[in-house]
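Descriptive structure summary
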Amino acid sequence: MKKTTAGLALATIMALTACGSGNNAQTGDNASPSGSASSEASASETATNSAANSASPSATKEPVAIEFWYGLGGKLGENMQALIDKFNSSQQEVIVKPVVQGDYSETGKKLQAAIASGTVPAAVLSSNVDWARKGYYAPLDDLIAASADFKKDDVIPTFLAQGQVDGKQYFLPMYGTTQVMYYRKDALQKAGLKPEDLTTWEALAKAAEAMTVKEGGKTTFYGWEPMWGSGNMVDAVLGKGGKVLSDDGKTVLVDSPEWVDTWELFRKWIHDDKIMRIHSGGQGWEYWYKTIDDVMKGQAAGYTGSSGDQGDLDFGIVGAMEQPGWEGVGPGKPVAEAIMAGIPAKASPEQQQAAFKWFQFFMSAENTAFWSMNTGYIAVRQSAQQDPAFVEFSKANPQITIPLKQAAHASAPFLDPTGGKISDALKVAADKVQIGNVPAEKALKEAKETAQRELDRLNK
């Protein structure tokens, strides 16, 4: 990618900030807890340490050891471990001890139990607006203000804004993500297709039908594999102009034609036409990697997955493209969101400061660029895209620019006012459609009733 192209990519992600979102209710498609240390407490602690050091000049202060909980596997887990090792060897004040969970959802569940017991980790790759409001997470504003190196203005504003709750910064963006399309180059070539031929869902369905191979009435090679869950079906709805809630926030709209028609198409493609399929269930990210394996092992022409899958893919075999739009509507509008990290309020002041030091290291221009190059996730600092290594990498690996381009016309993540009840209803409906072959109209009507009941209870 030419330097000018890198500049355009930066411009696109900055353009997204003009319609930046508010708070992140959940982390990712899965369930992706007040009080920070007071200035008086911090000052007292500093004075105590200073007095101790004066009394014993030869004494060496022990590093602060903290646990960092995160639900990442595969190449993502390897890259996280690499940055933890780099941080631990770069200084002597803090030691980060990784505690790996099965996925984002498991991290949230384990954290809930830890909060209840009173023994919490100092840092978690997880966020929850409702928990922040209940005081389970520590606000980070004082830590940010006290750091001369944080450079708040360099963080992509729309991502930073997603970590704010009621005007306070409770979470920090570790990386940005959006779901893109990955295709086998040989499968498209065999069908006489090019990526630019698949810019609409209608065209993608036709291509999937052409690439599907059936033997004895059974599909042996699938034309496409959507990822399990409501995520990319919601993305497709947003591309049609669909909304989760009315503008006044009082009515759930998930039974509208934009929703029903779109989800019914996915049901038809999966169950009636059998040109697409999903993998579901299993431990942690098992379903995700089974989907990737189908494409990499030549059992499917392509799949819809995270920008963060790039570290697990061989781009000699596959290529990347943006999600399609709809005929007569325009480009797609899939969600682009930040994966957030936070500090539980029950962590000690010393541990909170140590956790912030780790987050700041991870978010540096050099390290967020490293993360982007090795995972495909979007770097959270604007300056990362001028990092020399990133510029050179993007020339030889143009797929790294696809998430940036898609982010230019992306939607902000849904902010669930019920603390996740509406999102949960959509997940149940997605399972009914994708796994149970339930007509979309029935599944979404039931989701609407459940979600509206929760919303009405909130608005009383």
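Residues numbered from 1 in each chain as written. Predicted model: local features only at pLDDT ≥ 70, side-chain atom pairs only at ≥ 80, totals over all residues. Heavy atoms only, no water.

**Comments concerning the overall build of the chain**
Looking only at helices and strands, one finds 18 helices and 11 strands in the chain. Summed over all atoms, the accessible surface of the chain reaches about 19,400 Å², with 51% contributed by carbon and sulfur. (Helix = DSSP H or I, 4+ residues; strand = E, 2+ residues; numbered from the N terminus. Areas by Shrake-Rupley, 256 points an atom, 1.4 Å probe, with all protein chains shown as cover.)

**A short note on the side chain of Arg-267**
With respect to the helices, strands and loops of the structure, Arg-267 is situated in helix α11 (residues 257-272). When sequence neighbours within four positions are dropped, the list of residues in contact with Arg-267 reads Asp-272, Val-433, Asn-437, Val-438 and Pro-439. (Contact = heavy atoms within 4.5 Å.)

**Quick notes on the environment of Tyr-175**
Checked against the element boundaries, Tyr-175 lands in strand β6 (residues 171-184). Residues Tyr-175 and Ala-369 lie 194 residues apart in sequence; the distance between their C-alpha atoms is 9.9 Å. Excluding its chain neighbours within four sequence positions, the residues that come into contact with Tyr-175 are Leu-72, Tyr-104, Leu-125, Glu-337, Ala-338, Ile-339, Phe-362, Trp-371, Tyr-377, Ile-378 and Val-380. Of the polar contacts made by the side chain of Tyr-175, one reaches the side chain of Tyr-104; its length is 2.9 Å. (Polar contact = N/O pair within 3.5 Å; in protein donor to acceptor, adjacent residues only side chain to side chain.)

**Some remarks on the nonpolar core**
If you look at the biggest cluster of nonpolar residues, it comprises 84 residues, and the most contacted ones within it are Phe-68, Leu-125, Leu-172, Tyr-175 and Trp-358. Of all the elements, helix α13 (residues 349-362) adds the most residues to this core, at 7 residues. Other than its neighbours up to four places away in sequence, Phe-68 contacts Met-80, Ile-84, Val-96, Lys-97, Pro-98, Val-99, Ala-123, Val-124, Leu-125, Trp-358 and Phe-359. Core analysis: the second largest hydrophobic core is formed by 47 residues, Ala-208, Phe-266, Ile-278 and Ile-422 among them. (Core = buried A, V, L, I, M, F, W, Y, C linked by side-chain atoms within 4.5 Å. Buried < 20%, exposed > 50% of the residue type's maximum accessible area, 1.4 Å probe, protein only.)

**As for the packing of aromatic side chains**
Summed over the entire model, instances satisfying the criterion amount to 27 aromatic pairs. On the basis of an interplanar angle of 75° and a centroid distance of 5.8 Å, the ring pair of Trp-358 and Phe-362 is categorised as edge-to-face. Taken together, the positions of Trp-358 and Phe-362, both in helix α13 and 4 residues apart, correspond to about one turn of that helix. The burial state of Trp-358 is the same as that of Phe-362; both residues are buried. An aromatic cluster of three or more residues is present, and its members are Phe-68, Tyr-70, Phe-87, Tyr-175, Trp-358, Phe-359, Phe-361, Phe-362, Trp-371 and Tyr-377. Directly above the aromatic system of Trp-326 lies the positively charged group of Lys-240, at a separation of 4.2 Å from the ring centroid. Across the ring face of Phe-150, the terminal group of Arg-381 is positioned such that the distance to the ring centre comes to 5.2 Å. (Phe/Tyr/Trp six-rings, centres within 6.5 Å; stacked < 30°, edge-to-face > 60°. Lys NZ or Arg CZ within 6 Å of the ring centre and 35° of its normal.)

**Observations regarding empty space enclosed by the protein**
One number sums up the size of the largest cavity: a volume of about 50 Å³. Taken together, the residues of the lining of the largest cavity sort by class into 7 nonpolar, 3 polar and no charged. (1 Å grid on protein atoms, 1.4 Å probe; cavity = no way out; pocket = protein on both sides within 12 Å on 5 of 7 lines; lining within 4 Å. Points joined across faces, edges and corners; volume = space filled by probe spheres on them. Nonpolar A, V, L, I, M, F, W, Y, C, P; charged D, E, K, R; others polar.)

**Examining the pairing of strand β10 (residues 318-321)**
Where burial is concerned, the two faces of β10 agree: the one with Val-318 and Ala-320 and the one with Gly-319 and Met-321 are both buried. Pairing of β6 with β10 involves 4 bridges; the strand directions are antiparallel. By the bridge assignment, Met-181 is partnered in β10 with Met-321. (Pairing = 2+ DSSP bridges.)

**Quick look at helix α17 (residues 421-434)**
An ideal rise of 1.5 Å per residue puts 20 Å on 14 residues; α17 measures up with 20 Å between its terminal C-alpha atoms. Of the positions making up α17, those classed as buried are Ile-422, Ser-423, Ala-425, Leu-426, Ala-429, Ala-430, Val-433 and Gln-434. On an axial view of α17, the arc spanned by its buried residues comes to 155°, and they lie on one face. In this structure, the buried residues of α17 make contact with α10 (231-239), α11 and α18 (440-459). (Expected span 1.5 Å × (residues − 1). Arc of directions from axis to C-beta.)

**Concerning the pairing of strand β1 (residues 64-70)**
Within β1, 5 of the 7 residues are buried, leaving the element largely enclosed by the surrounding structure. Once the chain exits β1 it traverses helix α3 (residues 74-90) before rejoining the sheet at strand β2 (residues 94-100), and the crossover so formed is right-handed. Summarising the sheet, β1 and strand β3 (residues 123-124) pair through 2 bridges and their orientation is parallel. The residue of β3 that forms the bridge with Phe-68 is Ala-123. (Right-handed = clockwise from strand over helix to strand, strands pointing away.)

**Focus on the side chain of Asn-79**
Here Asn-79 is to be found in helix α3. Residue class for Asn-79 comes out buried when judged on its relative accessible area of 11%. Excluding its chain neighbours within four sequence positions, the residues that come into contact with Asn-79 are Phe-370, Trp-371, Asn-374 and Thr-375.

**Overview of the environment of Val-438**
Looking at where Val-438 falls in the secondary structure, it is placed in the loop between α17 and α18. Residues Val-438 and His-271, spaced 167 residues apart in sequence, show a C-alpha to C-alpha distance of 9.8 Å. What Val-438 contacts, discounting residues up to four positions off in sequence, is Arg-267, Lys-432, Val-433 and Ala-443.

Just distances and angles here, no functional claims.
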